Amino acid sequence: MTSAVFIVRDRVMISQLRQRCCILVFLLMMFGVATANEPVATSQEIKVKQLIADSCSECHNEQTSEGGLNLEQLPWNLENVSGRQRWVRIFDRIAKGEMPPDKNSLAEVYRKELLSALNDSIGTADRNEILAQGRGPLRRLNREEYESNLRDLLLMPDLELRQMLPEDRKLHGFNKSVDALDFSRVQLDAYLDAAQAGLQAAVASGERPPAEQRYHALATRMFPAPETFGTRRSMYFARDNKLLPLTWGELGDIRTKNVHDPAVELAIFRSASWPYFGYPVDFVVQTAGEYRVRFSARSVLQQEDYQLLPATTSIPMTFRARAPGGPDILGDIRAVGGVMDVLPERTEFETKVRLSAGETIEYSLLGLPVPTPMAIQGDASYYIFPPMPEGGHPGIAFSWIEITGPISSPVWPPASHRVLFGDLPLRNVTAKPDSTSKLPVEIVSADPSQDAGRLFRRFVEQAARYPVPESTLKTYEQLIQNELTAGTPFAEAMLIGYKAFLCSGHFLYLREPQGADDCAAVASRLSHFLWNSRPDAQLLSHVQDKSLARPEILRAETDRLIDAPQFERFVESFTDDWLDLKQLRRDLADIRLYPEYRMDDYLIQSMGQETRTFFSTMIRKNLPARVLVAADFAFINDRLSRHYGLQPVSGSQVQKVVLPETSPYGGLLTQAAILKVTSNGTSTSPVIRGAWVMDRLLGDPPPPPPPVIPAVEPDLRGAKTIRDLLALHTKSNSCAACHKRFDPVGLALESFDVLGAWRDRYRGLETGERVTGVDRTGNNFAYTIAEPVDSKGQLLDGSQFNDIHQLKAILAANLRQLARNLLQRFTVYATGTPVRFSDRAEIEAILDRCAAGDFGVRDLVGEFVKSTIFLGQARSNVAVQRPLTGDTQ
């Protein structure tokens with residue numbers, strides 16, 4: 001070793017000794033001499049303050065306070081939630097090497113010493129609080145959970161109530177966060193109304209099932225008019241595969257005389273969107289309920305002479321429930337009956353639709369053109385249809401339709417009624433001038449007082465998730481008895497008691513388990529995690545015999561819930577918030593730049609179906625966490641195969657296909673749904689996409705931008721490339737330091753347009769090669785092909801990539817972090833509380849146990865539900881030393 005090296009080493013040691021001495025003086029000044037009213041500084045506290053003063057106080061003192069942080073005045077009050085969270089943020093910045101900025105100012109040995117001291121102190125304070133108070137308080141059911149609970153309790157799988165309840169706020173990425181699910185008088189009124197509506201819907205509609213309505217129509221009664229908006233090309237009647245040019249008068253004569261030719265077909269070649277009124281003539285539902293729909297149809301291709309040829313592929317369709325009327329659609333419009341693929345061979349189809357009184361059904365063909373209005377010679381009512389594509393216009397030719405219903409329960413009264421009133425007799429309500437009853441039946445009871453108590457306790461036994469105290473039961477029973485004494489009819493008095501219970505804390509709130517032995521709370525947490533609803537009978541049986549406390553039974557029940565159809569509730573709810581699929585129909589594609597996407601709702605629908613199926617498969621098939629960003633397969637249907645430029649597949653249902661090695665797709669990272677929700681419909685932003693991916697998929701969210709910093713908006717005239725704009729935006733070091741974390745990821749995704757299709761060059765409106773044509777709605781378009789896409793980049797750790805393939809490989813290699821992020825998301829969703837500081841060690845232990853299986857996602861769920869994060873732990877008798885105040889974020 002040279003003398004120069006010894007000199008440098010000695011100077012460093014002397015400097016460190018001087019710093020230690022200065023720290024002692026600093027500590028004496030900061031803490032002084034402890035008095036009877038001041039807590040004595042612990043050894044850990046002294047160690048932390050000493051190390052921080054060595055390396056951080058130069059920038060974070062009373063004079064500088066960089067980043068708004070003055071470490072000289074930051075209190076060491078770890079029992080205070082807000083104060084502890086500030087120290088957690090300091091811990092994380094130091095652990096990531098972000099503080100101090102000059103890594104040489106804090107030797108690695110001291111960094112480890114500081115982190116160890118902080119970890120012990122913060123962790124101890126956090127664990128003590130959990131032992132005293134739990135991880136989180138009671139959590140209110142959100143509106144989806146409330147609807148699901150009533151559906152399962154009342155045995156009414158199609159009950160719809162969520163729209164009656166206020167939208168729940170999101171926090172920590174989900175609408176299940178304890179701190180966001182507040183409760184107000186307005187919300188209580190809404191829950192009371194929703195409970196009342198659900199209970200009334202559960203009551204039998206009469207002494208006997210309602211009479212069935214049967215409607216049968218041949219083609220010339222299947223559509224109100226001889227043609228519809230979009231010229232005759234969009235719809236006409238045909239016989240022997242040729243146009244049957246019926247006029248209004250001729251069609252009316254056929255209907256008046258009831259001489260419908262069974263050889264005639266109704267041919268439709270457009271999607272059901274405004275303006276449109278394609279429903280059977282004179283069919284309107286009188287009684288709400290479920291109806292069976294049968295019809296005969298085939299897929300066809302319309303030729304220039306209006307001749308019909310068999311189609312080469314299937315055409316997807318569904319029905320839409322709506323009130324009959326003209327092209328101006330009023331009220332609720334919703335898809336019903338599921339999606340059916342109509343084949344080139346004439347086939348009979350059957351489905352079920354749920355309709356309200358006064359509604360009919362409309363034929364809704366998916367993915368076909370939607371004619372749009374054009375003002376031609378001053379005629380604003382003219383609607384154009386796109387030119388004939390090669391092979392002809394695809395469509396569906398219908399022969400007949402039959403609608404029967406409402407479909408009644410095979411046992412009467414229905415199961416929902418028996419949940420409320422058991423086997424007590426019922427009779428139709430006799431109309432009385434002074435009656436205010438809204439129920440169609442009344443319940444006959446020989447002993448109303450005794451039956452009321454028996455039925456209410458039976459209802460509570462089914463509805464309550466935890467034991468209800470006897471005193472509480474008597475309070476509700478007294479409410480019902482008071483109503484009976486006041487002359488309220490028996491059925492309505494019972495509904496008043498039921499409604500009160502359904503809006504009480506016994507039904508509205510979920511409590512945290514206090515360990516594996518708290519089987520009732522564990523069962524409720526598990527079912528609301530994976531089913532968004534209450535435990536079923538089998539899960540409750542494990543509560544009764546306490547076997548759910550056994551790890552093997554808990555894992556078996558977890559697997560059963562994952563494999564059940566109700567698991568799709570979790571998939572939809574979880575992806576709606578985590579992946580923003582709830583926003584999938586926000587920001588329609590700019591038709592100036594992307595005319596091929598104009599009014600293509602079938603594409604948007606297919607995107608959501610792909611992502612949800614993919615995520616469900618990740619869990620059910622226990623796929624490794626790396627498939628989040630890189631997979632050699634995709635779930636696509638006929639529309640997505642065209643969108644992704646893959647080999648054609650048949651049908652509307654997504655199916656698993658193996659991707660070519662050269663395909664840029666595979667994994668959530670490059671799915672169309674993800675790429676759409678991270679764009680604004682007009683342009684793509686590497687900043688937004690990169691930050692979204694780092695947050696949602698990698699669990700490394702960037703800090704929020706300063707409020708005075710403008711967004712980076714691409715120039716659609718092609719004056720500047722996105723890289724030029726980013727270079728200008730990140731001239732300052734403070735901006736550049738943050739953008740380096742996520743911009744490179746977003747730049748790699750610039751190879752995908754606003755709806756996720758591959759592109760090599762950007763589109764503009766002025767500069768570049770001009771492209772013209774006619775879009776799918778018949779409108780002319782013109783845009784320009786601008787500068788090439790440059791998807792190269794370098795990540796913060798120095799990893800370089802040239803395209804999306806190389807970026808995927810880099811991100812997929814960070815397998816543990818991908819899995820860690822999933823566990824953090826599961827924690828918020830299942831417990832209503834984010835991962836706490838003292839939870840981190842258990843998260844890492846779960847990851848350790850799943851590492852050998854490449855972090856299979858089903859394994860992650862299985863290990864997570866066996867953790868104390870999920871199961872909770874018994875409370876201690878030690879109270880928290882100081883009141884918890886301040887923000888918990």
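Everything numeric in this text was worked out from a predicted model, so none of it was measured.

This part is about the packing of helix α25 (residues 815-831) against helix α27 (residues 857-864). Look at α25 against α27: their axes get within 11 Å of each other, and the N-to-C directions meet at 45°. Taken together, the axes of α25 and α27 lie oblique to each other. Considering the relative orientation of α25 and α27, their crossing is right-handed. Along its contact with α25, which presents Ala 819, Leu 822, Leu 823, Phe 826, Thr 827 and Ala 830, the element α27 presents Val 857, Leu 860, Val 861 and Phe 864.

Ranked by internal contacts, the top residues of the largest apolar core, which has 152 residues, are Tyr 146, Phe 529 and Phe 826. Looking at which element gives the most residues to this core, the answer is α25, with nine residues. Ignoring anything within four residues of it in the chain, the contact list for Phe 826 reads Phe 529, Phe 570, Phe 574, Phe 615, Thr 831, Val 857, Val 861 and Phe 864. One finds Leu 244, Leu 251, Leu 355 and Ile 403 within the second-largest nonpolar core, a separate group that totals 41 residues.

What follows covers the environment of Gly 515. Relative to the helices and strands, Gly 515 is located in the loop between β17 (509-510) and α13 (519-530). Dropping the residues within four chain positions of it, Gly 515 is found in contact with Val 522, Leu 871, Gly 872, Gln 873 and Ala 874.

Let us look at helix α17 (residues 601-620). Taking 1.5 Å per residue as the helical rise, α17 with its 20 residues ought to reach 28 Å, and the 29 Å between its terminal C-alpha atoms agrees with that figure. Positioned one or two residues after α17, Asn 622 has a phi angle of 55°, which is positive.

With an omega of 0°, the peptide bond between Gly 405 and Pro 406 qualifies as cis. For Pro 406, the position within the fold is in the loop between β14 (393-405) and α8 (415-421). Along the chain, Trp 412 connects to Pro 413 via a cis peptide bond; the corresponding omega equals 0°. With respect to the secondary-structure elements, Pro 413 resides in the loop between β14 and α8. You will see that Thr 231, though not glycine, has its phi angle at about 70°, which is positive.

Turning our eyes to something else, we now look at the confidence of the model for the protein chain. On average, the protein chain scores 87 in pLDDT, and the residues at 70 or more come to 83%. Segment residues 878-889: pLDDT under 50, and 27 contacts once partners within four positions in sequence are set aside and those in other chains are kept.

Tallying each qualifying case throughout the model produces 45 aromatic pairs. With centroids separated by 5.3 Å and ring planes inclined at 90°, the aromatic side chains of Phe 752 and Trp 758 adopt a geometry described as edge-to-face. A relative accessible area of 0% means that Phe 752 is categorised as buried. Taken together through their ring pairs, the aromatic side chains of Phe 174, Phe 529, Phe 567, Phe 570, Phe 574, Trp 578, Phe 615, Phe 826, Tyr 829, Phe 864 and Phe 870 make up a single cluster.

Calculation notes
- Every chain is numbered independently, its residues counted from 1 as its sequence is written.
- Given that this is a predicted model, residues contribute local features only at a pLDDT of at least 70 and side-chain atom pairs are listed and counted only at 80 or more, while totals for whole chains, interfaces and linings are drawn from all residues.
- Side-chain descriptors were evaluated using all non-hydrogen atoms of the structure, hydrogens and water having been removed beforehand.
- Every axis in this analysis is a line fitted to C-alpha atoms, fitted for helices over the stretch in contact. Angles between the N-to-C directions lie between 0 and 180 degrees.
- Numbering of helices and strands runs from the N terminus, with a helix taken as a DSSP run of H or I at least four residues long and a strand as a DSSP run of E at least two residues long.
- To sort the angles, those under 35 degrees are grouped as roughly parallel, those over 145 as roughly antiparallel, those from 65 to 115 as roughly perpendicular, and the leftovers as oblique.
- Should the near helix be turned anticlockwise from the far one by less than a right angle, the crossing is left-handed, and should it be turned clockwise, the crossing is right-handed.
- It only takes one pair of heavy atoms within 4.5 Å for two residues to be counted as in contact.
- The nonpolar core is taken to be a set of buried Ala, Val, Leu, Ile, Met, Phe, Trp, Tyr and Cys residues, with the residues joined through side-chain atoms within 4.5 Å.
- Residue burial is assigned from relative accessible area. The probe radius is 1.4 Å, only protein chains are included, and a residue is buried under 20% of its type maximum, exposed over 50%, and partly exposed in between.
- The length a helix should cover is 1.5 Å for every residue beyond the first.
- pLDDT: the predictor's confidence for each residue, scored from 0 to 100.
- In summary, the pairing rule links any two rings of Phe, Tyr or Trp, Trp by its six-membered ring, whose centres are within 6.5 Å, and it sorts them by plane angle into stacked for under 30 degrees, edge-to-face for over 60 and tilted for everything else.

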